[in-house]
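Chain and residue survey
Okay, here's what each chain looks like letter by letter:
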Amino acid sequence: MAASFQGMISALQAFWEEQGCVIVQPYHTEVGAGTSNPATLLRVLGPEPWRAAYVEPSIRPDDGRYAENPYRFQEHYQYQVILKPAPDDVQELYLDSLRAIGIPIEQHDVRFVEDNWESPSLGAWGLGWEVWMDGMEITQFTYFQQAGGIELDPVSAEITYGLERLAMHLQRVHRAHDMQWGAGVTWAAVREAAERQFSAYNYELADTAMLARHFDDHEMEAGRCVEAGLPLVAYDHVLKCSHAFNLLDSRRAIAVTDRAAYILRMRRLTQAVAAAHLEQVTGDA
Amino acid sequence: MPDLLVEIGCEELPAAHCRIAEDALPGLVAGELERAGIPAAGVVAYVAPRRLVAIASEVPDGREARRQEVRGPRADAPEQARQGFARKHGLAAEELEERDGFVWAVSEGAAVPSAELAADVVAGAIGRLQFPRTMRWPGGRFSRPIRWLVVKLGADVISAQVAGVTATGASRGPRPGREAVPIGSASTYLDDLRAHGVLVDAEERRALIRAALAEHQGTDPMAKLEEVVYLVERPRVLVAEFPAAYLDLPERIPITAMQSHQRYFPIRTTAGALEPRFVVVANGGDDDVVRRGNEEVLVGRLDDARFAYDRDRRLGLAAMVAELNRVSFIEGGGSLADKTARLGPLIEALCEANDLDAGVRAAALRAAELCKADLVSRLVGEFSALQGYAGSVYAADAGEPAGVCAAIDEHHRPEEAGGAPPASPAGAVVALADKGDTVRVAFAAGLEPTGSRDPYGLRRAAAGVVAIALDRGWRVDLPALVGESGVGFVLDRLEPVLLEEGVTIEELRAARGSGATEPARVAALARNLHAFAGPRRDAVRDAYGRCARIAGETTPGPVDDALLSDPAERALAEALAADAGGTLDSAADLAAAIERFFDEVLVMVDDEAVRQNRLRLVAGVRDRLRRLGDFGQLPG
């Protein structure tokens with residue numbers, strides 16, 4: 001019997017805990033990816049070693065499909081690992097983690113295929129691969145080069161598992177709906193209703209005037225917090241801006257001419273937060 | 001003499017970087033050996049995704065002693081300076097030699113065995129390897145992290161160091177195993193790894209995959225083979241299946257689902273029908289497990305494609321067109337709706353200039369309104385390679401005429417350098433207008449490509465303008481199409497096309513120097529200059545040169561017949577008047593008349609009126625010749 005979704009997560013937690021990772025928790029406000037969790041984006045700055053692992057709900061309003069698509073959702077789950085500095089045997093560690101969740105990798109075709117990553121609104125980019133197992137993309141693997149506009153030294157390795165895909169592949173099911181979550185409950189029982197409702201909200205109902213206001217308010221608040229020497233708090237407000245932007249986008253409420261400007265505003269804020277945070281942790285003036 | 005083996009073990013390198021290294025390594029290693037004084041008989045490279053390998057054959061055993069002389073301070077310099085200089089070169093002060101008023105440190109320099117030079121050779125060659133984009137990791141900077149290094153000179157391990165990695169005599173086998181693979185020497189290297197299933201030589205992998213594709217009737221319409229060769233080092237070719245029900249989809253949809261991201265090879269029957277089977281090139285694993293996994297992945301992609309296709313057809317093309325005002329084109333270029341609106345006048349001008357009939361004009365104008373609609377379709381969202389095609393399928397659904405559908409499909413062509421241009425005139429007109437508009441908007445916004453970065457695909461767009469103009473032989477008013485600032489950039493794309501035909505760069509420069517900007521006209525001039533190469537062209541070039549020198553800044557103007565006294569100048573004026581100004585043959589006649597004119601007539605006479613009249617005549621000849629090309633660019 002293939003591992004349940006939750007069993008797979010437990011195995012990953014145990015494996016990475018064994019590797020000296022802090023098991024932190026999902027962030028408490030919406031993020032598009034585990035990268036945006038401050039446990040990654042801010043902790044990769046500066047020289048201090050850091051190893052962390054966590055599940056992160058990835059909230060992407062525009063990926064919602066009213067639960068009609070077999071594996072595309074506005075809320076899916078990532079398993080995020082950040083290793084700073086990137087260890088020499090990081091690829092082997094990753095392959096061992098697949099063994100740990102019960103994948104006999106000798107029987108599979110596991111490959112690292114070039115794929116580079118960039119986030120203009122985070123001022124971040126890295127080089128690496130998507131990992132294929134028998135042609136299925138199961139993980140994003142990145143050597144982080146820059147975050148918040150700051151060159152990273154030392155470089156961190158970021159491993160992001162796509163949990164639903166991995167579990168579906170292990171369980172040999174073709175729709176997430178049929179995937180065993182755990183305790184005899186399927187994905188559909190846990191998530192389907194929410195996917196429908198949030199898809200409807202994201203595409204049809206969300207109040208765009210309110211969202212635009214929220215963006216402006218959180219932007220201003222982020223600026224105030226940076227000024228006050230509270231970059232961790234400021235970053236929360238940046239994330240809230242980012243989610244408001246994503247919702248506006250899924251409501252098709254961002255005019256062509258405004259799009260680049262919104263992204264630039266978020267990048268500027270992230271850069272200010274990153275600089276302030278780095279200054280605090282390194283004590284540099 | 002021993003062979004030198006260098007294997008740089010890396011985390012998986014991008015396929016494009018593999019090819020770069022394969023081309024560059026032999027020259028770099030040969031160059032470093034040369035510099036070290038131990039030139040090899042030859043260097044070959046082998047590349048697989050996790051290893052870059054160079055084998056230098058017959059490396060000399062060592063470098064002969066080199067006498068070295070270094071000039072020091074003046075002979076009358078203070079003792080302190082002499083001692084410092086001697087110490088720097090490992091000598092005592094009294095060992096310095098005196099000559100020409102200076103002291104010299106002279107060392108005979110011992111012979112150095114190659115084993116002591118090889119480490120620097122390896123570090124030097126790796127350091128000089130250039131990639132378009134590199135990354136940092138805790139240890140170094142390269143295409144991807146370097147994790148092991150094998151360097152052997154004959155049977156001996158050379159302990160070279162690169163990026164914190166010290167060379168050993170042991171390579172690594174294929175993933176996911178971790179066993180060390182001891183390497184005997186350069187001559188056993190390929191076999192040592194082959195014993196573990198690794199084919200290091202790309203040519204061997206290519207041949208194996210090609211043979212398997214031929215055997216199973218696998219096809220490669222989107223040209224993925226060259227990439228796949230560098231995605232595997234232990235190729236396993238499998239034939240897999242998918243449910244035949246997906247063959248209901250328009251053919252390019254399943255083909256794109258197989259090829260675009262997954263790099264599978266579709267199988268066709270001998271009669272050409274698409275089969276519900278495909279070829280997978282894997283990198284190991286259990287055949288049945290890997291086949292089944294890939295089949296499931298493809299079914300997922302085909303499901304996505306069908307979902308997207310059905311949703312798009314329910315929505316309909318008109319609704320997609322209505323969405324275009326929400327999608328931005330490039331900075332300063334408004335929305336895609338704005339872009340399509342700009343195409344109309346460009347299409348009208350192209351049709352007018354080339355006498356295209358009303359049917360072509362109507363089809364092109366309609367296609368322009370619809371050609372970007374599929375950019376908001378779900379199908380193109382899933383598979384960007386289907387842009388154009390998806391739009392044509394939905395246009396056919398909407399009852400658009402076949403000519404309009406074809407023009408929508410074709411307007412992205414040529415897809416790559418040397419690719420097929422649009423097949424229909426309407427497709428060609430829309431493609432020219434679309435690509436021209438992209439170049440114009442980008443240049444107006446200051447977004448021209450810099451170095452290797454070309455995020456808006458402007459080189460491809462410009463090359464497309466040139467390719468279509470030449471293919472059709474159409475008159476294309478470039479300043480109007482791409483704006484004054486984009487003209488030179490577009491005409492630069494003529495270079496690879498014409499040089500490939502044998503036209504020289506000087507001939508192309510001369511043709512561009514004519515001032516012509518229509519690509520087909522410039523190409524025709526360059527080809528004519530090339531065909532006309534020889535003594536007669538040289539005569540025209542020389543005649544042009546003399547005219548240009550004498551006329552200087554003079555601008556041509558009416559020549560006063562009454563002031564023409566000499567028979568040679570009358571003959572030249574008549575020749576100029578008679579010359580229709582089109583061909584290099586007539587230019588050669590004109591050249592003969594100039595020849596005689598300069599032999600028999602003095603231009604710089606004292607009589608101001610006569611002198612100016614003659615200068616105007618010469619300037620007129622110069623400008624007439626220049627219409628055929630700036631002959632001053634041609635080698636003398």
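Residues numbered from 1 in each chain as written. Chains lettered and ligands numbered in written order. Predicted model: local features only at pLDDT ≥ 70, side-chain atom pairs only at ≥ 80, totals over all residues.

On to the overall build of chain A, then. Summing up its helical and strand segments, chain A has eight helices and 10 strands in all. A compact globule built from 285 residues should have a C-alpha radius of gyration of about 19 Å, and chain A, at 19 Å, falls within 12% of that. In terms of principal-axis extent, the alpha carbons of chain A reach across some 55 × 45 × 30 Å. Looking at chain A as a whole, 49% of its 285 residues are labelled buried. Taking the intrachain contacts of chain A between residues at least 6 apart in sequence as the baseline, contacts between residues at least 24 apart amount to 66%. (Helix = DSSP H or I, 4+ residues; strand = E, 2+ residues; numbered from the N terminus. Rg over C-alpha atoms; globule rule 2.2 N^0.38 Å. Buried ≥ 20, exposed ≤ 12 C-beta atoms within 10 Å, placed from the backbone. Contact = placed C-beta atoms within 7 Å.)

Now for the overall build of chain B. Each helix and strand in chain B was counted, giving 25 helices and 19 strands. Whereas a compact globule of 636 residues would reach a radius of gyration of roughly 26 Å, chain B reaches 34 Å, over 25% beyond that. If you line up chain B on its principal axes, its C-alpha atoms span 90 × 90 × 45 Å.

Its domain assignment divides chain B into domain 1 (4-62 + 113-194), domain 2 (65-110), domain 3 (202-315), domain 4 (333-369 + 399-492) and domain 5 (528-633). Computed over C-alpha atoms only, the centres of domain 4 of chain B and domain 5 of chain B are separated by 40 Å. (Domains from an automatic or database assignment.)

Attention now moves to the interface of chain A and chain B. Bring the parts together and some accessible area is lost; that lost area is often taken as the interface size. Listed per partner, the contact involves 33 residues of chain A and 35 residues of chain B. Residue assignment for the side of chain A that touches chain B shows that the elements contributing at least two residues are helix H3 (90-100), strand E4 (110-114), strand E6 (124-133), strand E7 (136-147), strand E8 (150-162) and helix H8 (256-282) of chain A. If you tally residues by element for the side of chain A that touches chain B, the top one is E4(A), at five residues.

Attention now moves to the environment of Arg165(A). Residues and elements named next belong to chain A. Structurally, the position occupied by Arg165 is in helix H4 (residues 163-171). Sequence separation of Arg165 and Leu248 is 83 residues, and the distance between their C-alpha atoms is 28 Å. Those residues in contact with Arg165 that sit more than four places away from it in its chain are Tyr71, Met136 and Ile138.

With that out of the way, let us pick up the confidence of the model for chain B. Atomic detail in the predicted coordinates should be set aside for any region of low pLDDT. Scored by pLDDT, chain B has a mean of 93; 100% of the residues are at 70 or more. For this predicted complex, the interface confidence reaches an ipTM of 0.94, while the overall pTM sits at 0.84. (pLDDT = per-residue confidence, 0-100.)

Moving on, we come to helix H21 (residues 519-531) of chain B. Residues and elements named next belong to chain B. Across its 13 residues, H21 extends 18 Å between first and last C-alpha, which sits within 8% of the 18 Å expected from 1.5 Å per residue. Along H21, the residues classified as buried are Pro519, Val522, Ala523, Leu525, Ala526 and Leu529. Down the axis, H21 shows its buried residues gathered within 160° of arc, on one side only. Looking at the packing, one finds that the buried side of H21 touches helix H16 (458-472), helix H17 (478-482), helix H18 (484-492), helix H19 (494-501), helix H20 (505-512) and helix H22 (535-551). (Expected span 1.5 Å × (residues − 1). Arc of directions from axis to C-beta.)

Going from Asp153(A) to Pro154(A), the amide bond is cis rather than trans, its omega being 5°. Mapping Pro154(A) onto the fold places it in strand E8. A cis amide bond links Arg175(B) with the next residue in sequence, Pro176(B), at an omega value of -5°. The topology assignment puts Pro176(B) in the loop between strand E15 (170-172) and strand E16 (180-182). The phi angle at Ala67(A) is positive, at roughly 65°, despite the residue not being glycine. Following the sequence through the fold, Ala67(A) ends up in the loop between strand E2 (50-59) and strand E3 (75-84). The phi torsion at Gln217(B) lies on the positive side, around 60°, for a residue other than glycine. Mapped onto the elements, Gln217(B) comes out in the loop between helix H5 (202-216) and helix H6 (225-228).

Below, the discussion takes up the sheet that holds strand E6 (residues 97-99) of chain B. Residue and element names in this part refer to chain B. In spatial order, the strands read E5-E7-E6; together these three strands make up an open sheet with antiparallel pairing. Looking along the sheet, the strands with just one partner apiece sit at the ends: strand E5 (68-74) and E6. Each strand of the sheet is rotated relative to its neighbour by a mean of 35°, with strand direction disregarded. Of the pairings in the sheet, the one linking E5 to strand E7 (residues 102-107) comprises five bridges and is antiparallel in character. When the bridges of E7 are listed, Gln68 appears paired with Ser107. (Pairing = 2+ DSSP bridges. Axes fitted to C-alpha atoms, helices over the stretch in contact; angles between N-to-C directions.)

Turning our attention to the domain arrangement of chain A. All names here are of chain A. Domain parsing of chain A yields domain 1 (5-191) and domain 2 (206-282). Computed from C-alpha atoms alone, the centre-to-centre distance between domain 1 and domain 2 is 24 Å. Contacts between the two partners involve 22 residues from domain 1, matched on the other side by 22 residues from domain 2. Of the residues that constitute the side of domain 1 that touches domain 2, the class distribution is 10 nonpolar, eight polar and four charged. (Nonpolar A, V, L, I, M, F, W, Y, C, P; charged D, E, K, R; others polar.)

Time to look at the pairing of E7(B). All names here are of chain B. For E6 and E7, the ladder comprises three bridges, and the chain directions are antiparallel. Directly across from Glu98, in E7, lies its bridge partner Val103. In textbook terms, the turn of a hairpin is the stretch between consecutive antiparallel strands, and for E6 and E7 this stretch comprises two residues, one of which, Asp100, has a positive phi near 55°.

Turning our attention to the pairing of strand E2 (residues 42-48) of chain B. Residues and elements named next belong to chain B. Most of E2 is tucked away: five of the seven residues are buried. As paired strands, E2 and strand E3 (residues 51-57) are joined by seven bridges and run antiparallel to one another. Bridge assignment links Tyr46 to a residue of E3, and that residue is Val53. Hairpin connection from E2 to E3: two residues lie between these consecutive antiparallel strands.

All names here are of chain B. Mapped onto the elements, Ile255 comes out in helix H7 (residues 252-259). By the C-beta count within 10 Å, which is 23 here, Ile255 ends up buried. Separated by 12 residues in the primary sequence, Ile255 and Ile267 place their C-alpha atoms 9.5 Å from one another. When neighbours within four sequence positions are excluded, Ile255 is seen to be in contact with Pro221 and Pro266.

Turning to the sheet that holds strand E1 (residues 4-10) of chain B, a few remarks are in order. Residue and element names in this part refer to chain B. Reading across from one edge, E2-E3-E1-E11-E12 is the order of the five strands in this open sheet, with antiparallel pairing throughout. Each edge of the sheet is formed by a strand with only one pairing partner; in this case those strands are E2 and strand E12 (156-157). Helix H1 (residues 15-35) contacts E1, E2 and E3 of the sheet and is inclined by roughly 150° relative to E2. The sheet contacts of helix H4 (residues 186-194) involve E1, E3 and strand E11 (146-153), and relative to E1 the element is tilted by about 35°.

Now for H16(B). Residue and element names in this part refer to chain B. For H16, spanning 15 residues, the distance from its first C-alpha to its last is 21 Å, which sits close to the expected 21 Å at 1.5 Å a residue. Within the sequence span of H16, burial applies to Leu458, Ala461, Ala462, Ala463, Gly464, Val465, Val466, Ala467, Ile468 and Ala469. Among the residues trailing H16, Gly473 stands out with phi positive, at a value near 65°.

All right, on to the nonpolar core then. All names here are of chain B. Counting residues in each nonpolar core, the largest one holds 256 residues, and the members touching the most others are Ile347, Ala364, Ala367, Val429 and Val430. Looking at this core, the element that brings in the most residues is helix H15 (residues 425-444), giving 11 residues. If we ignore the near neighbours within four places in the chain, the residues touching Ile347 are Ala364, Leu365, Ala368, Val429, Val430 and Ala433. (Core = buried A, V, L, I, M, F, W, Y, C linked by C-beta atoms within 7 Å.)

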